[in-house]
Amino acid sequence: MQRPQLSLKGRALRLLSGREHSRTELERKLAGHEEEPGQLRRVLDELQAKGFIDHRRVAESVVHRRAAKLGAARMRQELQAKGLEPELVSQAVAGLRATEFERAQEAWRRKFGEVPSDAAERARQARFLAARGFAGDVIRRVLAGR
């Protein structure tokens, strides 16, 4: 049995029921389902006016879900990719800087757990942490065992 076709608003609400989405994300995901020009903008304006789309909640959600594994630089990149306002991204990232060392140390411990024995292993572990957006000074402290 075939399900009835969802309206554009229904599709947006289904996406929002799974997790917080920014307006930019919804525009990207729903653009192909727009039947007439301007329809998507009107639907998103309505959802935003009713509080279903809230960029502050999006930022908090992303930080909550991803901060344990990622450094501040990578978090900044992910928040910017969601189309959030620069000041909101800066606020979210500023809160992460205080715990950057602890989060890097925990991510390193889960993956490796042992201080590198040679230069090649040290470089591999440093690349792992750098790819996750941790700062260079934090990586050096983690690999030094401090």
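Our subject is the structure listed above.
Model, not experiment: these values are computed from the prediction.

(A) Layout of the nonpolar core. Grouped together as the largest cluster of nonpolar side chains are 15 residues, with contacts concentrated most on Val-63, Met-75, Leu-79 and Leu-84. Elements that contribute at least two residues to this core include exactly helix H4 (55-66), helix H5 (72-81) and helix H6 (86-97). Residues in contact with Met-75, not counting those within four places in the same chain, are Val-62, Val-63, Arg-66, Ala-67, Leu-70 and Leu-96. Of all hydrophobic cores here, the second largest spans 12 residues; its members include Ala-104, Ala-107, Phe-112 and Leu-143.

(B) Structural context of the packing of H4 against H6. Where H4 meets H6, the axes come as close as 10 Å, and the angle between the chain directions of the two elements is 30°. Overall, the two elements H4 and H6 adopt an arrangement that is roughly parallel. Between H4 and H6 the crossing geometry is right-handed. Across the interface between the two elements, His-55, Arg-56, Ala-59 and Val-63 of H4 pack against Leu-88, Gln-91, Ala-92 and Leu-96 of H6.

(C) View of the side chain of Arg-11. Tracing the backbone through its elements, the reader meets Arg-11 in helix H1 (residues 8-18). With residues up to four places along the chain from it excluded, the contact list for Arg-11 reads Gln-5, Leu-6, Leu-30 and His-33.

Conventions and cut-offs
Residues numbered from 1 in each chain as written. Predicted model: local features only at pLDDT ≥ 70, side-chain atom pairs only at ≥ 80, totals over all residues. Heavy atoms only, no water. Core = buried A, V, L, I, M, F, W, Y, C linked by side-chain atoms within 4.5 Å. Buried < 20%, exposed > 50% of the residue type's maximum accessible area, 1.4 Å probe, protein only. Helix = DSSP H or I, 4+ residues; strand = E, 2+ residues; numbered from the N terminus. Contact = heavy atoms within 4.5 Å. Axes fitted to C-alpha atoms, helices over the stretch in contact; angles between N-to-C directions. Parallel < 35°, antiparallel > 145°, perpendicular 65-115°, else oblique. Left-handed = near helix turned anticlockwise from the far one by under 90°.

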